[in-house]
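Coordinates in review
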Amino acid sequence: TAPGQWVSVDQLESTTLGFIGQLKEKLTTQRFQYGTVFVDHYSRMTYVYLQRRLTSNETFQAKRAFERNCQILGVKV
């Protein structure tokens, strides 16, 4: 009945490595291969956090980033 009340989380692995965006002159060799996807069922907002490795530490960072995003939008999760 409200944003943030029902959120689903899933993780994905891509067989194609993705570039990490940057604004510097030197190209990076680092690539994304994983992601954590958050979906708010009330608002249908989707938040994707790209990861280099599928570790508990990076997954926790994804959760914290999602919570910060919700806080900016004024949504309690």
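This text gives an overview of the structure that appears in the document. Keep in mind it's a predicted model, so treat the numbers as computed, not measured. (Residues numbered from 1 in each chain as written. Predicted model: local features only at pLDDT ≥ 70, side-chain atom pairs only at ≥ 80, totals over all residues. Heavy atoms only, no water.)

A few points about the nonpolar core
Among the nonpolar cores identified, the biggest contains six residues, and these are Phe38, Tyr47, Ala62, Ala65, Phe66 and Cys70. Among residues more than four places away in sequence, those in contact with Phe66 are Val7, Phe38, Met45, Tyr47 and Val77. (Core = buried A, V, L, I, M, F, W, Y, C linked by side-chain atoms within 4.5 Å. Buried < 20%, exposed > 50% of the residue type's maximum accessible area, 1.4 Å probe, protein only. Contact = heavy atoms within 4.5 Å.)

Comments concerning helix α1 (residues 56-73)
One turn of the α-helix equals 3.6 residues, which is why residues spaced by three or four share an orientation. When the terminal C-alpha atoms of α1 are compared, their 26 Å separation across 18 residues agrees well with the 26 Å that a helix rising 1.5 Å per residue should span. Taken together, the buried residues of α1 touch β1 (7-19), β2 (31-40) and β3 (46-51). Within two residues after α1, Gly74 carries a phi angle of roughly 75 degrees, on the positive side. (Helix = DSSP H or I, 4+ residues; strand = E, 2+ residues; numbered from the N terminus. Expected span 1.5 Å × (residues − 1).)

Some details on the sheet that holds β1
Taking strand neighbours across the sheet as the criterion, the three strands line up as β1-β2-β3 in an open arrangement whose pairing is antiparallel. With one partner strand each, in any of the chains shown, β1 and β3 form the two edges of the open sheet. Adjacent strand axes in the sheet meet at a mean angle of 20 degrees when their direction is disregarded. Sheet analysis places β1 next to β2, joined by nine bridges and oriented antiparallel. In the sheet register, Gly18 faces β2, and the bridge partner there is Phe32. Across the sheet, α1 is in contact with β1, β2 and β3; its angle to β3 comes to roughly 145 degrees. (Pairing = 2+ DSSP bridges. Axes fitted to C-alpha atoms, helices over the stretch in contact; angles between N-to-C directions.)

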